[in-house]
4 protein chains.
Amino acid sequence: MQLNDPAIWSARFRAVREHSLALAAPLSIEDCCAQSMPDASPIKWHLAHTTWFFETFILETMERDFAPFHPAFRVLFNSYYNGVGEKHPRPQRGLLTRPSLDEVRAYRADVDARIAALIGSGLDSDARARLATLLTLGMQHEQQHQELMLTDVKHLLAQNGLNPAYLDVPLPPAPAASALTWLPFDGGVTDVGYEGDGFCFDNELPRHRQYVEPFELASRLVTNGDYLAFIEAGGYRDPGLWLAEGWDWVCTQGLQQPLYWRRDDAGNWFEFTLTGLQPLDLNRPLTHVSLFEADAYAHWAGARLPTEAEWEHAVRVAGVVPGAPLQLPHPGGERLAEGLQEMFGHCWQWTSSSYTPYPGFKPAAGAIGEYNGKFMVNQYVLRGSSCATPAGHTRASYRNFFPAGARWQFTGIRLAR
Amino acid sequence: MQLNDPAIWSARFRAVREHSLALAAPLSIEDCCAQSMPDASPIKWHLAHTTWFFETFILETMERDFAPFHPAFRVLFNSYYNGVGEKHPRPQRGLLTRPSLDEVRAYRADVDARIAALIGSGLDSDARARLATLLTLGMQHEQQHQELMLTDVKHLLAQNGLNPAYLDVPLPPAPAASALTWLPFDGGVTDVGYEGDGFCFDNELPRHRQYVEPFELASRLVTNGDYLAFIEAGGYRDPGLWLAEGWDWVCTQGLQQPLYWRRDDAGNWFEFTLTGLQPLDLNRPLTHVSLFEADAYAHWAGARLPTEAEWEHAVRVAGVVPGAPLQLPHPGGERLAEGLQEMFGHCWQWTSSSYTPYPGFKPAAGAIGEYNGKFMVNQYVLRGSSCATPAGHTRASYRNFFPAGARWQFTGIRLAR
Amino acid sequence: MQLNDPAIWSARFRAVREHSLALAAPLSIEDCCAQSMPDASPIKWHLAHTTWFFETFILETMERDFAPFHPAFRVLFNSYYNGVGEKHPRPQRGLLTRPSLDEVRAYRADVDARIAALIGSGLDSDARARLATLLTLGMQHEQQHQELMLTDVKHLLAQNGLNPAYLDVPLPPAPAASALTWLPFDGGVTDVGYEGDGFCFDNELPRHRQYVEPFELASRLVTNGDYLAFIEAGGYRDPGLWLAEGWDWVCTQGLQQPLYWRRDDAGNWFEFTLTGLQPLDLNRPLTHVSLFEADAYAHWAGARLPTEAEWEHAVRVAGVVPGAPLQLPHPGGERLAEGLQEMFGHCWQWTSSSYTPYPGFKPAAGAIGEYNGKFMVNQYVLRGSSCATPAGHTRASYRNFFPAGARWQFTGIRLAR
Amino acid sequence: MQLNDPAIWSARFRAVREHSLALAAPLSIEDCCAQSMPDASPIKWHLAHTTWFFETFILETMERDFAPFHPAFRVLFNSYYNGVGEKHPRPQRGLLTRPSLDEVRAYRADVDARIAALIGSGLDSDARARLATLLTLGMQHEQQHQELMLTDVKHLLAQNGLNPAYLDVPLPPAPAASALTWLPFDGGVTDVGYEGDGFCFDNELPRHRQYVEPFELASRLVTNGDYLAFIEAGGYRDPGLWLAEGWDWVCTQGLQQPLYWRRDDAGNWFEFTLTGLQPLDLNRPLTHVSLFEADAYAHWAGARLPTEAEWEHAVRVAGVVPGAPLQLPHPGGERLAEGLQEMFGHCWQWTSSSYTPYPGFKPAAGAIGEYNGKFMVNQYVLRGSSCATPAGHTRASYRNFFPAGARWQFTGIRLAR
């Protein structure tokens, strides 16, 4: 990567930064402060932490006469970077009523201006290269948080008996789902991992070979209608369908349905969405299920989940490329094409692959190296992208990862066999 | 109680209601939304819940053609009144980013106007009496929440590494503490409980007799200086000084000091106050200790805690009456008089008495009867009042109560022997 | 107390010690080792700890050339005496498979022989007095553990799906319960606490005055039949009957009945007893309920629980004295006399009194002083004695105490009003 | 498999069954009853559960006029087979003081006799085949429990301050460890999974291809001496070495060393072993570490853990075969040969591979199918075998699995790079 044209880099940087503010725009000051669970963060915290990232990893290392915007922010808005020092406890991010949202906006504006100045300054070629690398990482990092802003605020609003909508717009009925068909793939020794000269995260490298047995992949995601049949067949009451740990998880929490499904006293099903509470649309892809639920459903359906190598192989062989983002941050609603559908842009797809380093994986040096490698235990890989993934943040080699019980992301089910 | 002069009742009501808003005035919208622990509530919730009380127990029963301001508020702002129906879960009050603070202010204004109209309407004498009773209870209830607003927001601000001040004013050094002397009381059969024709809570009745052995009471509260000597003598490391459950409490939480005391790396002591972080003032009364700490300190000092009967007896015999509230919501700072000092207005004083019904205690009928009686287990009585108690809310017979481990109230130590 | 006749003291000591072994006799080696919950202890531990008490507080202080039976036992069999040093963690007492039961019996025999030798040795009069005091305390202490041996092993056996009996004997049907009548007492200033020159625990002193309002006490304990009516009336589903903390306790644990009651699929009620699983006998006193259940039942029955002063006053005024122990360790089964019945020997009776020091209470010096005082918080007093209390361990002034949620002791309900 | 010669099958069966009793022989009745943590089971439970397996899966399906030895044992000694019905709660297995150890021995003898009779009876060829399959599975199942008997009882004895030895024999000093060298392997497409016509578990099938990049494997296990250097270099205090979840695990539990290492006040290191507390032998293989510790050590040593495919590939290429079991159930003590050493018989070796189904994996039908597949989430594969693995239970394709934090098995570290 080279920072050859400062104007282009400035524009890219500004676009990413403005998108975060745009995502916060429909929310009140209070919505931006609250934290609904330890796994989620307040919108204000996302806005500040992504700024801290640019301040700490770029300005602090490259700006002449660097002084922090506010010394305490180093602790308040550090996330998990042990190499950088102390951290505010994660479960208490919602207690940070100070700094105010206005002060965080001022923090963003200050850092943005200083980054813009740095981009435009006369850097030598080494520094330009280093800046390009760090800017790109910072923008990709902020895009990751943009997805979390939507999923975290959805979780927050879902706790409120008023069922408030993030976007006060109608969610139109989806067209009828296509029939699920099975697409065959030959397998063999295949290449896995990022290829190209653009950006990718360290966990997508090195590109390497894996042997894949022949397999079939479902043409589309599992729909709400498909999953409702599983529920009605007693899926949540049959231990034989579940992983042992999944069955404990179901029983301990008394679960009977996906995270945001609700049933009224008359037995009608609803789904809480970013457009508020909506009647359950049987034609839309199922979302907000855990790996445990995905695995039990697959078991019930006589299928299984794909491995991440199968998923990536299929995308490459079928030549699927990411399309434009959906209009609304909710999966489905489009007329489906032929072939391998909904691989990107609707729901992240659980794989049966645990999140492990590729052979020869090398994390970056320093605190930035904490980015990915240290999470490589007890997490499962999700492939594709979702309705909440920002434009330009999608790759066939992208490895998202969450624990097997996580449900608040836009997670869905793609079957394999 | 009689509602003879509507203008007087309207003025009283308005004064109480405006005081709540005045307490919230120094706070930001975000400060008013957050909840720092399950035991505390957000300021916005206090503002709404006190309004819900007037709406539910007065408007709903007395207003012609009553319609709720918002049907969902009945659930959102109910607290512990099982008789009224469903409740929003207490530990999740901080997630109620909607309704907004502005909407809650509008809710207050609406209910205030309707209560004022009811006061001024032509009620018959029975209704006037009933209204006076309920208005009085509602105002006393709101005054209780006014104290909690200060202690809850103090707890919230204390979680923030920025040490934000509720009031941005200096906390002047206190004059030297007077010498602690022992004041003797004869004891005997004494009357305990409220006497008079004003308001009191049901738990202060019926007035009844108790036998009290002769005892002595300390002339003043334990100071920070007194307690620092206990710490420096190893008080937090000697199991022999503690109740067994208190020792477990100390060890499990790794405690070494009162809730808001802090020590910097150089060994200097500070205290977080509503005016921000301040150097520890050894002349001010100690506050924010649990019953466990109070008991251990008393043990160490060769004394004990008073019973609530002793405390009330002493106030009556000595003729102590509540004075004007302090200028700042922090104990101490006044030149002390002779005799029995600081019984009111500085810190609530832990007694060794568990919170139990007085002989012949009768809770009120209906949901209002849930007010006090159902908490009469595993709680300990605190007597007096604190720097956070609003004017007019203090009585010699007042029974405050908290679990033995509670520290976020303005709780202090009065010794007896 | 004086140790004038060594033969008498030796006989008393031997009788107490042999009774513990007799209680263990029906049990297997395995029964004696297991611990069913942190609050309970294994039988083997009781046998060793009571021995440790004599070894530590008598032999170690009075025996010439004292050497411990086994140095590690000082840690393994210390209970809560912080003053004596380290302790084996209480919840892990059931993991002490070594020393074996045989070794513990040998430990008992060794200490017994040395105590007998000490009693018979030529002590001066001071030493004789000290020995008498400590021997008495040790025997009383062992008698307390004898009751716990029965309640702890009952709890253990109740966890086993085989419903094993401690005693393999029939539990005969009880005669019809007498009608519950209300016995009136005048009240006034009354003396509370132990009077006499025999033994009592420090918590029964000093004898002091209390003022008691006139009251009535139920003539007998609440029966299983009485309590079944409460259950069938929905007692466990009505929050209005319960203390707030009690209601949380019921809901969190999903409780619907007393600890050892069981209902088969056909709706028949059974009770697990020390003679195994038995059909529920409606005429026997209810037992194994918490203070929360006792309070809710009293509320439902239009009554209340007595205070400990009322209970002790009634026993004194009515002239009730403890009778001979029951044949079987289960309450009831006797034809009842007139007047105040079942005050002793059936079930401990919950009072509404929290466990607090009497005015002027002074714990003993040294580690022995840890006996009672340090538990005086968040515990409630039970009066009387139970079917598991050994002969000679019953006094009108006796203060037993447990937390409000404890159910594994023989606890029952005496109503007052 | 064919059951052609009943005498041979009878002898094999008897040998396995007698080995379990031999493992229990050094233990007291009490040792056999206690359970030190939910993950471990009492020895008595192991003895009964392995018997239940033969009774349920063989006698109940093949014996004419089958009647259970005791109907309640079906619940008490079922482990995780949901398909078989109700289960006694796992964390409470230590409370099963009944049936006694003697009764469990009688249960074993009864089932053994009936199995022997079945083997000798005139079965048709289908039934003989089915019996051979089930007998083999039952014997393999019992051998798995034989390893757990040793690790579970070690954990139990380690809780006891007396440091009791399972075997009262000396643990001789080990010869000096060989130098750690790196053995290179070419990789490529390799076959993984069981091959042959003997027994294997379902999780070792189907044999399939995997692509393995070239790698090197350490010639021997990490020793206590190696690991002590890691500790002394501050390994337990440097978050940069640990997986994020591992670091939380270390901090939450305050860990500073492997499970059974102890340091006295003078700084000397000891290790609790099945022969009691022993001075730490720096030449023996390190054991009882978690995956977290293994990964952090590898990170510190500039290496990594192998994948299970690498491990199995290396064993095949190098032609390593399992040797005879060690004399004592503790790793090390033998003079090491050249080449790839200690792959079997000392410590299970953590791999970086999560436990997932092989491509085309099919669990067996019915309750027996619950054996392996349902644990395939959040577990990591261990390869090789340990000093506690019984003779004849070792295969190159064997997949053992435990959660990343498990330490009570004989788990060690083999480095790769």
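Note that this is a predicted model, so its numbers are computed, not measured.

A few words on the relation of the copies chain C and chain B. Between chain C and chain B, the superposition needs a rotation of 180° and an axial shift of 0.0 Å, giving an RMSD of 0.0 Å. Each copy turns onto its partner about a two-fold axis. A shared binding surface is used by both copies, with 100% of the interface residues of chain C retained as interface residues in chain B.

On to the interface of chain C and chain B. In this assembly, 26 residues from chain C lie in contact with 27 residues from chain B. Roughly 2,200 Å² of surface becomes buried between chain C and chain B when both sides are summed, with 56% attributable to carbon and sulfur atoms. A per-residue breakdown of the area chain C buries against chain B is headed by C:Tyr211, C:Val377 and C:Asn378, which together make up 27% of the total. Scanning the region where chain C abuts chain B turns up two salt bridges. The shortest N-O distance in the salt bridge between B:Glu213 and C:Arg209 comes to 3.8 Å. Joining chain C to chain B, the criterion identifies eleven residue pairs in polar contact (both at pLDDT 80 or more). Residue assignment for the side of chain C that touches chain B shows that the elements contributing at least two residues are strand S3 (208–212), helix H7 (244–253), helix H8 (291–300) and strand S8 (348–354) of chain C. Here the side of chain C that touches chain B gets four residues from one element, more than from any other, and that element is S3(C).

Related by rotation about an axis and a shift along that axis, the two copies of the chain form a pair. Once chain C has been moved 0.0 Å along the axis and rotated by 180°, it coincides with chain D to within an RMSD of 0.0 Å. A symmetric contact is evident, with 100% of the interface residues of chain C recurring at the interface of chain D.

Another aspect to go through is the interface of chain C and chain D. Contacts between the two partners involve 31 residues from chain C and, on the opposite side, 31 residues from chain D. For the chain C and chain D pair, buried surface summed over both sides reaches about 2,200 Å², with 58% attributable to carbon and sulfur atoms. On the chain C side of the interface with chain D, the three residues burying the most area are C:Glu30, C:Leu95 and C:Arg98, jointly 33% of the side's total. Connecting chain C to chain D are four salt bridges. With a shortest N-O distance of 2.7 Å, D:Arg98 and C:Asp31 are connected by a salt bridge. Counting the contacts that link chain C with chain D gives ten residue pairs in polar contact (both at pLDDT 80 or more).

All names here are of chain D. Secondary-structure assignment places Gln-341 in the loop between helix H10 (308–318) and strand S8 (348–354). Owing to a relative accessible area of 7%, Gln-341 belongs among the buried residues under this scheme. Dropping the residues within four chain positions of it, Gln-341 is found in contact with Ser-178, Ser-219, Arg-220, Leu-336 and Arg-414.

The positions that UniProt labels "domain: Sulfatase-modifying factor enzyme-like" (unreviewed entry) are, in the present scheme, residues 182–317 and 339–417 of chain A. Segment residues 182–317 of chain A splits into 29% helix and 22% strand. End C-alpha atoms: 15 Å apart.

To continue, consider the sheet that holds strand S6 (residues 269–273) of chain C. Working definition: the strands of a sheet are paired by backbone hydrogen bonds and lie parallel or antiparallel to each other. All names here are of chain C. Spatial ordering of the open sheet is given by S5-S6-S7, a layout of three strands whose pairing is antiparallel. Each end of this open sheet is capped by a strand with a single partner; those strands are strand S5 (261–263) and strand S7 (276–279). The mean angle between the axes of side-by-side strands here comes to 35°, regardless of whether they run parallel or antiparallel. Inspection of the sheet shows S5 paired to S6 by three bridges, in the antiparallel sense. The residue bridging Trp-261 from the neighbouring strand is Glu-271, located in S6. In this fold helix H6 (residues 224–232) packs onto S5 and S6, with an angle of close to 55° to the strand it touches most, S5.

What follows covers the packing of helix H1 (residues 6–24) of chain A against helix H4 (residues 101–120) of chain A. A packed helix pair is summarised by two numbers, namely the angle formed by the two axes and the spacing between the axes. All names here are of chain A. For the pair H1 and H4, the least separation of the axes is 10 Å and the interaxial angle reads 170°. Our classification of the angle between H1 and H4 gives roughly antiparallel. Only Arg-105, Arg-108, Asp-112, Ile-115 and Ile-119 of H4 make contact with H1, whose side of the interface consists of Pro-6, Trp-9, Ser-10, Phe-13, Arg-17, Ser-20 and Leu-21.

This next bit is on the packing of helix H2 (residues 43–62) of chain C against helix H4 (residues 101–120) of chain C. Residue and element names in this part refer to chain C. One can describe the packing of H2 onto H4 by two numbers: an axis separation of 9 Å at closest approach and a directional angle of 30°. Viewed along their axes, H2 and H4 adopt a mutual orientation that is roughly parallel. Seen along the crossing, H2 lies across H4 with a hand that is left-handed. Residue-level inspection shows Lys-44, Leu-47, Ala-48, Thr-50, Thr-51, Trp-52, Phe-54, Glu-55, Ile-58, Leu-59 and Met-62 of H2 in contact with H4, the latter providing Leu-101, Val-104, Tyr-107, Arg-108, Val-111, Arg-114, Ile-115 and Leu-118.

Criteria and thresholds
- Residues numbered from 1 in each chain as written.
- Chains lettered and ligands numbered in written order.
- Predicted model: local features only at pLDDT ≥ 70, side-chain atom pairs only at ≥ 80, totals over all residues.
- Heavy atoms only, no water.
- Least-squares fit on C-alpha atoms with pLDDT ≥ 70 in both.
- Contact = heavy atoms within 4.5 Å.
- Buried area = accessible area lost by both parts, 1.4 Å probe.
- Salt bridge = Lys/Arg side-chain N within 4 Å of Asp/Glu carboxyl O.
- Polar contact = N/O pair within 3.5 Å; in protein donor to acceptor, adjacent residues only side chain to side chain.
- Helix = DSSP H or I, 4+ residues; strand = E, 2+ residues; numbered from the N terminus.
- Buried < 20%, exposed > 50% of the residue type's maximum accessible area, 1.4 Å probe, protein only.
- UniProt positions renumbered as here; feature names shortened; annotations may be inferred.
- Pairing = 2+ DSSP bridges.
- Axes fitted to C-alpha atoms, helices over the stretch in contact; angles between N-to-C directions.
- Parallel < 35°, antiparallel > 145°, perpendicular 65-115°, else oblique.
- Left-handed = near helix turned anticlockwise from the far one by under 90°.

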